[in-house]
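# Secondary and tertiary structure notes
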Amino acid sequence: MRKWWAIGIVITVFSIAALAFFLFPRTAADSVTMDEAAQSIEQLYGGAIEKATETEGFYQIEFKREDGTYLATINRADGQVESLELLEKTGPAKVLSEEQASEAARAAEPGEIKETQYIESDNLYEVEIHSETERKILFISAETGEVMDVQTEALETSAEPEPDSAPAQQEPKRIISQDAAIAIAKETLDGTVDEVEFVQTTDGGYYLVEMDDDASDREVTIQIHAIRGETMTVEWDD
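Calculation rules
- Residues numbered from 1 in each chain as written.
- Predicted model: local features only at pLDDT ≥ 70, side-chain atom pairs only at ≥ 80, totals over all residues.
- Heavy atoms only, no water.
- Helix = DSSP H or I, 4+ residues; strand = E, 2+ residues; numbered from the N terminus.
- Contact = heavy atoms within 4.5 Å.
- 1 Å grid on protein atoms, 1.4 Å probe; cavity = no way out; pocket = protein on both sides within 12 Å on 5 of 7 lines; lining within 4 Å.
- Points joined across faces, edges and corners; volume = space filled by probe spheres on them.
- Nonpolar A, V, L, I, M, F, W, Y, C, P; charged D, E, K, R; others polar.
- Phe/Tyr/Trp six-rings, centres within 6.5 Å; stacked < 30°, edge-to-face > 60°.
- Buried < 20%, exposed > 50% of the residue type's maximum accessible area, 1.4 Å probe, protein only.
- Pairing = 2+ DSSP bridges.
- Axes fitted to C-alpha atoms, helices over the stretch in contact; angles between N-to-C directions.

## Overview of the environment of Leu 71
You can see Leu 71 is positioned in strand E3 (residues 68-75). C-alpha of Leu 71 to C-alpha of Ser 83: the two residues are 12 residues apart in sequence and 8.1 Å apart in space. Discounting chain neighbours no more than four positions away, the residues touching Leu 71 are Gln 60, Ile 61, Glu 62, Ser 83, Leu 84, Glu 85 and Leu 87.

In structure tokens form, the structure reads like this:
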């Protein structure tokens, strides 16, 4: 009788194992589990995992760092990071008041302050100052009061244009300097900058910052808008 009980238990165990195999198969393509992919993202970029989902051939790992929320796409076959997208950027809270930003601009450049406005996306103040011959735009850090960039252009003269002459089209101004674009790119990804290229467009242009990712040893190109200073795209080279 005990023999038949033992045989019954063995048959039950094998039946459960077979059922589990058919209900939850692990295909050959899934050499990396979702937990392993999430752990890899934490090791590469830090932060906290917010959400993880899976699609055909890929894992979508959403994680949050101090500088923003990101979405990483992981290849389920080899665990490689296929893309990294900035979903939401977060920055330091505003510290300086508008009056303090104006005082910092006045101390850096002489002239009459015409306008001061706050750019929330970059935590900067944009201060416009006029002298007798020039118009200057100063970008003041709302956190430290440091002058981050200065743009200068000559004031228009009062001379009237010749009849039937078409007004000259001015090139859109670049609010973000090349150094500022590099700094923004490094906030998105820690790496070594290889090359920076500016591309002019009708809405102000953008910078392409090519970097070597120190964590994954892969090349990545980060697109930074030259007016808004936001990260537009992050493209990884194969």
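## Considerations on the layout of surface pockets
By volume, the largest pocket is sized at about 680 Å³. Elements supplying a minimum of two residues to the lining of the largest pocket: strand E4 (81-89), strand E7 (134-141), strand E8 (147-154) and helix H4 (178-188). Tallying contributions element by element places H4 first for the lining of the largest pocket, with 5 residues. A class-by-class count of the residues in the lining of the largest pocket yields 11 nonpolar, 8 polar and 11 charged.

## As for the packing of aromatic side chains
A complete count under the given rule lists 4 aromatic pairs for this structure. Aromatic side chains Tyr 45 and Phe 63 sit 5.9 Å apart centroid to centroid with 15° between the ring planes, which places their arrangement in the stacked category. Here Tyr 45, found in helix H2 (residues 34-45), pairs with Phe 63, found in strand E2 (residues 58-65); they are 18 residues apart in sequence, far enough to count as distant. Across the pair, exposure class does not vary: Tyr 45 and Phe 63 are buried alike. By the ring-pair criterion, three or more aromatic residues cluster together here, those being Tyr 45, Phe 63 and Tyr 70.

## Notes on the sheet that holds strand E9 (residues 191-199)
Strand order in the open sheet formed by 4 strands is E9-E10-E11-E12, with antiparallel pairing between adjacent strands. Looking at the sheet topology across the chains shown, the edges are occupied by E9 and strand E12 (231-236). If you compare each strand with its neighbour and ignore which way they point, the axes differ by 20° on average. The sheet contact formed by strand E10 (residues 206-213) and strand E11 (residues 218-225) spans 8 bridges and is antiparallel. Each residue of the ladder has a partner; that of Tyr 206, found in E11, is His 225. Where H4 meets the sheet, it contacts E9, E10, E11 and E12, and its direction lies at approximately 45° from that of E10.

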